[in-house]
Amino acid sequence: MRVLTGLQPSGKLHLGNYFSAIKKILDYQSKEELFLFIANLHALTTFRSKEELKEYTIGCAIDLLALGVDPNKTVFWVQSDVPEVTELTWYLSQSITVSQLQLAHSFKDKVAKGFVPGAGLFTYPILMASDILLFSAEKVPVGKDQKQHLEFARDIAERFNTQFGSVLTIPEPDIDENTATVPGVDGAKMSKSYQNTIDFFGTEKEIKKKVMSIVSDSKAIEEPKNPEESVIFQIHSLFLSDTEKESQKQKYTNGGFGYGDLKKDLLESILSHFAPFRSKREELSQNLDYVHSVLKSGKEKAKEVAEKKLDAIRNTLGIYPF
Ligand code: ADP
Ligand code: TRP
């Protein structure tokens, strides 16, 4: 089965990305045919600077390789390296209406926050559908926040197949409804856009600062605390086995441990979990030629699939040359 997903290089990876998207991707890598790309064209919709886009694009590649993406098993490339995707975006844009796009939650949310949207932000879901349909992806693992984008991709494919001829594979979303949204240090959804992330590839000092800033109530050290209501515990439990979770819970309910102590426990879990990945990342940062060579070979493999598919689609539409 062909599984495909993309990650936007719009900031540093955080625990929310890791425990939902990345863990799942790594799981698929060992079982299915995985296509994985860095969605740098999507990141243009919230572009800040050339330097930042470059840094995050290569940073994202290094991060994913450090975390275990294996280029021998996975087709791994940067979205802009296969420009066929932008041509397909144009074709697909005939198969979705403006009023459908106006219903996009992610678009409406950004506008509601005062962001002045470019047309690119409005047509973002079409580019995403193109990513998926160009590679005939059968399954697309994404977070809950991408559910509607996946529905758009399916609608677009179905409508296109009806309008022009049946060439597109209808993708199945893979959304784990049980994966809780990882909270950020302020208790809201952890997200780059809210500046409430814990970035596990930051320096130890940065990670510590973030962990120590997690919101808590003002219960004194000796008072019993409710783990279910604690953002510290919610994050910590992601690292713990069931038995470890139980004993950590005791520390909350028994009292005698202040939030500072509980945060230190969490910090320790984060640092020990990511230690091997952090040293691999360090090594890769010193060997950028290797990283670029991996992306180049991924591009070649992705391009081969994309060219073939795009030819079939052009054919279905009657695009010149015949
Ligand atoms: P961000 O919200 O920080 O911009 P992205 O939109 O780049 O994150 O998300 C990349 C992937 O990580 C998506 O699959 C998304 O659903 C998932 N993800 C992001 N934040 C969280 C979170 N707090 N909890 C669970 N999954 C998340
Ligand atoms: N929109 C996705 C996100 O922000 C990233 C993405 C772009 C993607 N193209 C995709 C995910 C295709 C899955 C399939 O998380």
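To be clear, the structure that these remarks concern was listed above.
Residues numbered from 1 in each chain as written. Chains lettered and ligands numbered in written order. Predicted model: local features only at pLDDT ≥ 70, side-chain atom pairs only at ≥ 80, totals over all residues. Heavy atoms only, no water.

K.L.:
What is the right way to look at the overall build of the protein chain in this model?
P.N.:
Helices and strands together make up the secondary structure of the protein chain, namely 14 helices and 5 strands. Its C-alpha radius of gyration of 22 Å places the protein chain within 12% of the 20 Å reference for a compact globule of 322 residues. Expressed along its principal axes, the backbone C-alpha trace of the protein chain runs to roughly 80 × 45 × 35 Å. Counting the 322 residues in the protein chain, one finds 46% classified as buried. For the protein chain, restricting intrachain contacts to residue pairs at least 6 apart in sequence, the fraction spanning at least 24 positions comes to 78%. Separation of charge centres in the protein chain, based on 40 positive and 44 negative side chains, amounts to 2 Å. (Helix = DSSP H or I, 4+ residues; strand = E, 2+ residues; numbered from the N terminus. Rg over C-alpha atoms; globule rule 2.2 N^0.38 Å. Buried < 20%, exposed > 50% of the residue type's maximum accessible area, 1.4 Å probe, protein only. Contact = heavy atoms within 4.5 Å. Lys, Arg positive; Asp, Glu negative; His and termini not counted. Charge placed at Lys NZ, Arg CZ, Asp CG, Glu CD.)

K.L.:
Got a minute to help me understand the environment of Lys192 in this structure?
P.N.:
In this fold, Lys192 is placed in the loop between β5 (172-174) and α10 (204-212). Setting aside anything within four residues of it in sequence, one finds Lys192 in contact with Gln8, Ser10, Gly11, Lys12, His14 and Thr197.

K.L.:
When you look at the site of ligand 1 in this model, what are you seeing that I'm missing?
P.N.:
Neighbouring ligand 1 are 13 residues; His14, Ser20, Asp145, Ser191 and Lys192 lie closest to it. Between an oxygen atom of ligand 1 and a side-chain N or O atom of Asp145, the distance comes to 2.5 Å. Here ligand 1, which alone exposes 540 Å², has 88% of that area covered by the protein. Each residue belonging to the shell around ligand 1 can be placed in one class, and the counts come to 3 nonpolar, 7 polar and 3 charged. (Near = heavy atom within 4 Å. Polar contact = N/O pair within 3.5 Å; in protein donor to acceptor, adjacent residues only side chain to side chain. Areas by Shrake-Rupley, 256 points an atom, 1.4 Å probe, with all protein chains shown as cover. Nonpolar A, V, L, I, M, F, W, Y, C, P; charged D, E, K, R; others polar.)

K.L.:
Is there a simple way to explain the nonpolar core in this structure?
P.N.:
Grouped together as the largest cluster of nonpolar side chains are 48 residues, with contacts concentrated most on Leu15, Leu67, Phe76, Ile198, Ile214, Ile270 and Phe274. The leading source of residues in this core is helix α13 (residues 259-285), at 8 residues. Residue-level mapping places this core at the junction of two domains, with at least three residues from each of domain 1 (2-180 + 288-317) and domain 2 (200-283). Dropping the residues within four chain positions of it, Leu67 is found in contact with Leu13, Tyr18, Ile22, Leu26, Phe200, Phe201, Phe274 and Phe277. The next biggest cluster of nonpolar side chains, apart from the first, holds 42 residues, and it includes Ala39, Leu88, Val140 and Phe152. (Core = buried A, V, L, I, M, F, W, Y, C linked by side-chain atoms within 4.5 Å. Domains from an automatic or database assignment.)

K.L.:
Sorry, what's going on with the side chain of Thr89 here?
P.N.:
Along the chain, Thr89 turns up in helix α4 (residues 84-92). On the basis of relative accessible area, Thr89 is assigned to the buried category, the value being 14%. Apart from residues lying up to four places away in sequence, Thr89 is in contact with Ile126, Leu127 and Ser130.

K.L.:
How should I be thinking about the pairing of strand β3 (residues 74-78) in this particular structure?
P.N.:
Each regular strand shows side chains that alternate between the opposite faces of the sheet. Buried residues dominate β3, accounting for 5 of its 5 residues. Side chains of β3 alternate between two faces, with Thr74, Phe76 and Val78 and Val75 and Trp77 buried alike. Across 5 bridges, strand β2 (residues 33-38) lies against β3 in parallel orientation. If you follow Leu36 over to β3, its bridge partner there is Phe76. (Pairing = 2+ DSSP bridges.)

K.L.:
Please clarify how the pattern of salt bridges should be interpreted in this entry.
P.N.:
Any two side chains of opposite charge can pair, so long as their charged atoms come close to each other. One pass over the structure, following the stated rule, counts 18 salt bridges. Measuring nitrogen to oxygen at the nearest pair gives 3.5 Å for the salt bridge that ties Lys189 to Asp145. Taken together, the residues Lys189 in the loop between β5 and α10 and Asp145 in the loop between β4 (139-141) and α9 (147-164) connect sequence positions 44 residues apart. Across the salt bridge formed by Lys219 and Asp217, the nearest N and O atoms sit 3.3 Å from each other. Note on Lys219: relative accessible area 31%, which makes it partly exposed. Via salt bridges that share partners, Glu87, Asp311 and Arg314 belong to a single interconnected network. (Salt bridge = Lys/Arg side-chain N within 4 Å of Asp/Glu carboxyl O.)

K.L.:
What's the story with the layout of surface pockets in this structure? I'm lost.
P.N.:
Where empty space is left can be seen by rolling a probe of water-molecule size over the atoms. By volume, the second largest pocket amounts to about 210 Å³. What lines the second largest pocket is a set of 13 residues, among which Ala180, Val182, Gln234, Ser237 and Leu238 lie closest to the centre. Among the residues forming the lining of the second largest pocket, the class breakdown is 7 nonpolar, 5 polar and 1 charged. When we break the lining of the second largest pocket down by domain, the ones giving at least three residues each are domain 1 (2-180 + 288-317) and domain 2 (200-283). (1 Å grid on protein atoms, 1.4 Å probe; cavity = no way out; pocket = protein on both sides within 12 Å on 5 of 7 lines; lining within 4 Å. Points joined across faces, edges and corners; volume = space filled by probe spheres on them.)

K.L.:
I would appreciate a short explanation of the packing of aromatic side chains in the present structure.
P.N.:
Ring pairs (aromatic) are described by centroid distance and by the angle formed between their planes. A full pass over the atoms with the stated rule returns 17 aromatic pairs. With a centroid separation of 5.0 Å and 85 degrees between ring planes, the pair formed by Phe19 and Phe239 is classed as edge-to-face. With Phe19 in helix α1 (residues 15-29) and Phe239 in the loop between α11 (231-236) and α12 (242-254), this residue pair connects regions lying 220 residues apart in the sequence. On the numbers, 5.1 Å between centres and 65 degrees between planes, the contact of Phe107 with Phe122 is edge-to-face. With Phe107 in helix α6 (residues 105-112) and Phe122 in helix α7 (residues 119-122), the pair connects residues that are 15 residues apart, well separated along the chain. Phe107 sits in the buried class, given a relative accessible area of 14%. Clustering of aromatic rings is evident, with ring pairs tying together Tyr18, Phe19, Phe200, Phe201, Phe239, Phe274 and Phe277. Its end group placed over the ring of Phe257, Lys251 keeps NZ or CZ at 4.7 Å from the ring centre. Across from the ring centre of Phe201, 5.4 Å away, lies the NZ or CZ of Arg281, which sits over that ring. (Phe/Tyr/Trp six-rings, centres within 6.5 Å; stacked < 30°, edge-to-face > 60°. Lys NZ or Arg CZ within 6 Å of the ring centre and 35° of its normal.)

What is shown is where atoms sit, not what they do.
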